[in-house]
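Observations on the three-dimensional arrangement
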Amino acid sequence: MASLMARTAGAVLVLLGAGGMGRMFSSRFLTRLRLLEEARRLVYLLKGEILYANSSLDEAFCRAGHRLGGRMGGLAVQVAERIGEKQGRGFGEIWREEVKNLQDLPLSKEDLGQLEEFGRQLGYLDRQMQERTMLLYLEQLELSIRSMRERRQEACRLYTGLSLAGGIFFIILMC
Amino acid sequence: MGGGEKWSRMFARSVRDVLEGLSLEFEQLQEIRMRVDAPLFLWYGNREYGVTKGGQLGQAGREGLRRISERELRETVECMGNYSLYAFEDEIRQGFLTVRGGHRVGLAGKAVMENGNLKTLKYISALNVRFAHQIKGCGEKVLPFLFEEERLCHSLLISPPRGGKTTLLRDLVRLLSDGTETVPGRNVGVVDERGEIGACYQGIPQNDLGARTDVLDCCPKALGMMMLIRSMAPQVVAVDEIGSREDLEAVEYAAGCGCAVLATAHGGSLEEILGKPGLGALVRGGLFGRLVLLGNGEQAGRVREIRDGEGRLVWNGIFDG
């Protein structure tokens, strides 16, 4: 009797754990989508600051970051602060280091690569070049966001379903 | 960048280390010149120095001075422009940029032309940084001479480059705005086309220009004077380095609107000013009630003489700004 109860409790815990894992994967997927949308809003704000207000990168990042908030806003504020510290290092280097700090976020390698490349090209040549750099990155973001939105429901269902199925399979094996 | 923020931060790391190792007094520092493959020169305490390879101040003409590499100059320009040279397109087109603190950086390189106009400078191979210093009180001795029967005259401050006219103008603005024991404070409008008077950062003057001063930062002088008169109703309008036809027309307009105009112009003497096509005619016509002539090289900010609109001496002698 005790053994059956322990097995049942174990099975319930495994199921709950599997469900939790499914939720976690879905949540990471949704967080990634939200971060990409935040990045897109950041680029829109930067575009306004640079093209309309002719702000320098530190001003643009500072104002856009404070306005946006969130993790991407934090990245922008941090970059502005690092520029303001005037450590005598190139902007590309500063940007790369700050993007590295985002590695704990559920962004894919490709997302981080595109973000890093975007910053590496900023500040080069004239305002037209800035606009093109931002438009290119916006285009890449649009593609990623669209593809994720199309897959959102399906992916969330899949993560939950697969995790539960995995859990059930594990219970069967254990029993 | 003057007092609070470290001025050396505008330079590339390696150059900054050298400059910081010299333990310079900012107040004595007037100019730094960098050229690719040439020594680093400083104007410090009214003397020119080079920097030795050992990181000491050395005589400018000597051998063994530290040379500036192409990479150091490029990184310095990027650092000065906050990695955003696109935001300084208009200034670079005029051959300079003004950095935080109001210091002016003159640039030389290869000109890129488009339809006969200068589009930008590339391969920047030389720069000189002229440090702005706010010297509070340097205008106190001059101010009383700018009045005639308690009315502030339109005044032109004249000096060669590095003569201290912008420093004097800045202090006169502050004194007129705050007021003194004998002069009540008044509303002053400053059109700071090159950002040297107020050294604005994000629109806020970093230099003390007085409590009643409105600054139009980075705005062309001619346009700015009109805007200020229409929008802010100043009693005094101050501008730096007038010279173009548009500037002179705007000065005439402002002078005819009941505002007192305080302006500066490049010139080694009154004769040089009178020889200039547009400005000479304005001065000869008596628009400026006071002409303040400043030092000729040996010490910045030294006032040599003050004349009235008809060229008569109001004061002469020497007092240091």
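Residues numbered from 1 in each chain as written. Chains lettered and ligands numbered in written order. Predicted model: local features only at pLDDT ≥ 70, side-chain atom pairs only at ≥ 80, totals over all residues.

Scanning chain B for helices and strands turns up eight helices and 19 strands. At 20 Å, chain B has a C-alpha radius of gyration in line with the 20 Å of a compact globule built from 321 residues. With the C-alpha coordinates aligned to their principal axes, the bounding extent of chain B is approximately 60 × 45 × 40 Å. By the burial criterion, 45% of the 321 residues in chain B qualify as buried. Sequence separation of at least 24 residues holds for 59% of the intrachain contacts in chain B that already meet a minimum separation of 6. (Helix = DSSP H or I, 4+ residues; strand = E, 2+ residues; numbered from the N terminus. Rg over C-alpha atoms; globule rule 2.2 N^0.38 Å. Buried ≥ 20, exposed ≤ 12 C-beta atoms within 10 Å, placed from the backbone. Contact = placed C-beta atoms within 7 Å.)

A few words on the interface of chain A and chain B. Taken residue by residue, the interface counts 18 residues in chain A and 15 residues in chain B. Elements supplying a minimum of two residues to the side of chain A that touches chain B: α2 (57-68) and α6 (127-174) of chain A. Looking at side-chain class alone, the side of chain A that touches chain B contains five nonpolar, seven polar and six charged residues. (Nonpolar A, V, L, I, M, F, W, Y, C, P; charged D, E, K, R; others polar.)

One widely used convention gives an interface's size as the accessible area the parts lose upon coming together. All names here are of chain B. When its domains are assigned, chain B resolves into domain 1 (7-130) and domain 2 (143-320). Computed over C-alpha atoms only, the centres of domain 1 and domain 2 are separated by 28 Å. Domain 1 puts eight residues into the contact, and the matching count from domain 2 is 11 residues. Here the side of domain 1 that touches domain 2 is built from residues that sort into no nonpolar, five polar and three charged. (Domains from an automatic or database assignment.)

Moving on: unusual backbone geometry. Of note in the backbone geometry, A:Asn54 takes a positive phi value of approximately 50° without being a glycine. Here A:Asn54 shows up in the loop between α1 (2-52) and α2. Despite not being glycine, B:Ala199 shows a phi value in the positive range, around 50°. Inspection of the secondary structure puts B:Ala199 in the loop between β11 (188-192) and β12 (200-201).

Further remarks concern the pairing of strand β17 (residues 290-294) of chain B. Residues and elements named next belong to chain B. Among the five residues in β17, five count as buried, and that is most of the element. Residues Arg290, Val292 and Leu294 point to one face of β17 and Leu291 and Leu293 to the other, with burial holding for every one of them. Relative to β17, strand β10 (residues 155-159) is paired through four bridges, and the arrangement is parallel. Across the sheet, residue Ile158 finds its bridge partner in β17, namely Leu293. (Pairing = 2+ DSSP bridges.)

Let us look at the sheet that holds strand β1 (residues 29-35) of chain B. Residues and elements named next belong to chain B. As summarised here, the arrangement of the seven strands in space is β4-β3-β2-β1-β7-β6-β5, forming an open sheet in which the pairing is antiparallel. Each edge of the sheet is formed by a strand with only one pairing partner; in this case those strands are β4 (57-59) and β5 (96-99). Across this sheet, the average inter-strand angle for adjacent strands is 40°, counted without regard to direction. Where β1 lies against strand β7 (residues 117-130), five bridges are found, and the strand directions are antiparallel. By the bridge assignment, Ile32 is partnered in β7 with Val129. Contacts from helix α2 (residues 70-80) reach β1, β5, β6 (103-114) and β7 within the one sheet, and its direction differs from that of β7 by about 100°. (Axes fitted to C-alpha atoms, helices over the stretch in contact; angles between N-to-C directions.)

Attention now moves to the pairing of strand β14 (residues 213-217) of chain B. Residues and elements named next belong to chain B. In terms of burial, β14 is largely enclosed, as four of its five residues are buried. Sheet topology note: the β11/β14 ladder contains five bridges and is parallel. Bridged to Gly189 within β14 is Asp214.

Here the focus is the nonpolar core. Generally speaking, nonpolar side chains in soluble globular proteins are found buried as a group. Residues and elements named next belong to chain B. If you look at the biggest cluster of nonpolar residues, it comprises 52 residues, and the most contacted ones within it are Ile158, Val173, Val236, Val237 and Ala238. At six residues, helix α4 (residues 165-178) tops the list of elements feeding residues into this core. The contact partners of Ile158, leaving out residues within four places of it in the chain, are Ala265, Gly267, Ile273, Leu291, Val292, Leu293 and Leu294. Counting 30 residues, the second-largest nonpolar core is a separate cluster that includes Ala12, Met80, Ile124 and Leu127. (Core = buried A, V, L, I, M, F, W, Y, C linked by C-beta atoms within 7 Å.)

So, on to the packing of α1(A) against α2(A). Residues and elements named next belong to chain A. The contact between α1 and α2 brings their axes to 9 Å, and the two run at 135°. On the basis of the axis angle, α1 is oblique to α2. The chirality of how α1 crosses α2 is right-handed. Taking contact as the criterion, the partners of Glu38, Arg41, Leu42, Leu45, Leu46, Glu49 and Ile50 in α1 are, on α2, Glu59, Ala60, Arg63, Ala64, Arg67 and Leu68. (Parallel < 35°, antiparallel > 145°, perpendicular 65-115°, else oblique. Left-handed = near helix turned anticlockwise from the far one by under 90°.)

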